[in-house]
Structure formats: structure tokens, C-alpha cells
Amino acid sequence: MAFSLSPKHIQEFPLENLTSEQAVVIASEAVKKLGWNVGFVSTNGLVAYTKFSMSSFGEEVKIRISDTGVTVKSECTGNQLADWGKNKANVRAFVLKFKELNQTLSEEEITQKLEDIKQNISETDQDILNLAPPTTKERITGTFSIFKPVQGYF
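Bear in mind that the values here come from a model prediction, so they are computed numbers and not experimental data.

Thresholds applied
- Residues numbered from 1 in each chain as written.
- Predicted model: local features only at pLDDT ≥ 70, side-chain atom pairs only at ≥ 80, totals over all residues.
- Heavy atoms only, no water.
- Helix = DSSP H or I, 4+ residues; strand = E, 2+ residues; numbered from the N terminus.
- Core = buried A, V, L, I, M, F, W, Y, C linked by side-chain atoms within 4.5 Å.
- Buried < 20%, exposed > 50% of the residue type's maximum accessible area, 1.4 Å probe, protein only.
- Contact = heavy atoms within 4.5 Å.

Asks: Could you give me a rundown of the environment of Lys73, with the residues and numbers involved?
Replies: On the secondary structure map, Lys73 appears in strand 5 (residues 69–76). Once the C-alpha coordinates of Lys73 and Lys62 are considered, the two residues, 11 residues apart in sequence, prove to be 5.1 Å apart.

This is the structure we're talking about:
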């Protein structure tokens, strides 16, 4: 369980005999199987969002894929001080589902799924992990913006 203004958990694991494109396909399938919403897909990873629940406002899961490995980062999207183990559980669930799909999907299935999602893949070179959520100051400012008078307020 992490305590901070934006609790998070990060884990890395190696790619085993996969190209980065194949890993993007498997990561995308793992996210779908976990029931998360895909927000952004590129050639070097994706960003997904977990569902809102009673114990969480939802988490943002960033998956960065390089030639050597996969980095998974789960971070709370709300103003939570504690994640109650949700981020670690998200990362663990993703890693297990990724490894399971890597074992069960054939190369032909991966190739077919790659063709299916190729039109949705962004060719940007942005680093997935650097697509940062709003800072604490931006969150607080956004929260209190309803009290900020604007033109035509009176």
C-alpha cells in the first residue's frame, strides 16, 4: 500500500522472444481481458484506465515497451492519499495476463490482431511513461476553480 499525493507502483519485466509490435498486441489484449479502457496506443506502448470502484477513483496504467522489456506503471487518477494496494494489484494482474497471453496466442493470431489494431496505433515517439498526469498543484487548482470568479459571474 502506497501513501503519497498520487500513489503508484512500477514494475519492469523482460520481453521473451517478442518484437515490440508483438508485445504491443499482447499488452492491448491483456488490457481488454482485464476489462480496462484503452486511452492511447502507440508503437512503444499504451495507456489504459481501470474502472471506478468503491475503493478507488480509478487508476491510470501506462505500459512502455522497449526492445528489451516492458515497464508497467499504475497510478491513482484521483486525489487519494492511499491506494490500498490497488496499483500493485493492477501491475501484478497485467503482468500475469501478459505472460498468460504470450503463452497461449500463436504467432498467426498475434499477426492478425496486429493488422486489426494497426489503424489505431499512433506512430508518435512520445515516451508513454512521460505522459504525466496533472501535477498536485494543477489538481488542487482544478478542484477550486469553481470558486474563481469569471467574466459574467455577477
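Asks: Requested: an account of the nonpolar core, with residues and values cited.
Replies: Counting 28 residues, the largest nonpolar core has Ile63, Ile65, Val70, Val72, Phe94 and Phe98 as the members making the most contacts within it. Residue assignment for this core shows that the elements contributing at least two residues are helix 1 (20–34), strand 3 (45–49), strand 4 (59–65), strand 5, helix 2 (86–104) and helix 3 (107–117). When residues in this core are grouped by element, the largest group, seven residues, is from helix 1. If we skip the residues at most four places from it in the chain, Val72 touches His9, Ile10, Gln11, Phe13, Val61, Lys62, Ile63, Val91 and Phe94.

Asks: Break down unusual backbone geometry for me, citing the residues and quoting the values.
Replies: The backbone phi angle of Asn17 is positive, close to 55°, even though this residue is not glycine. As for its position among the elements, Asn17 is in the loop between strand 1 (8–14) and helix 1. Overall, Asn17 belongs to the exposed group, its relative accessible area being 81%.

Asks: Explain the environment of Phe52 to me, using residue names and the numbers behind them.
Replies: Looking at the secondary structure, you find Phe52 in the loop between strand 3 and strand 4. The exposure class of Phe52 is exposed, given its relative accessible area of 59%. Taking the C-alpha atoms as reference, Phe52 lies 10.0 Å from Thr77; in sequence the two are 25 residues apart. If we ignore the near neighbours within four places in the chain, the residues touching Phe52 are Phe57 and Gly58.

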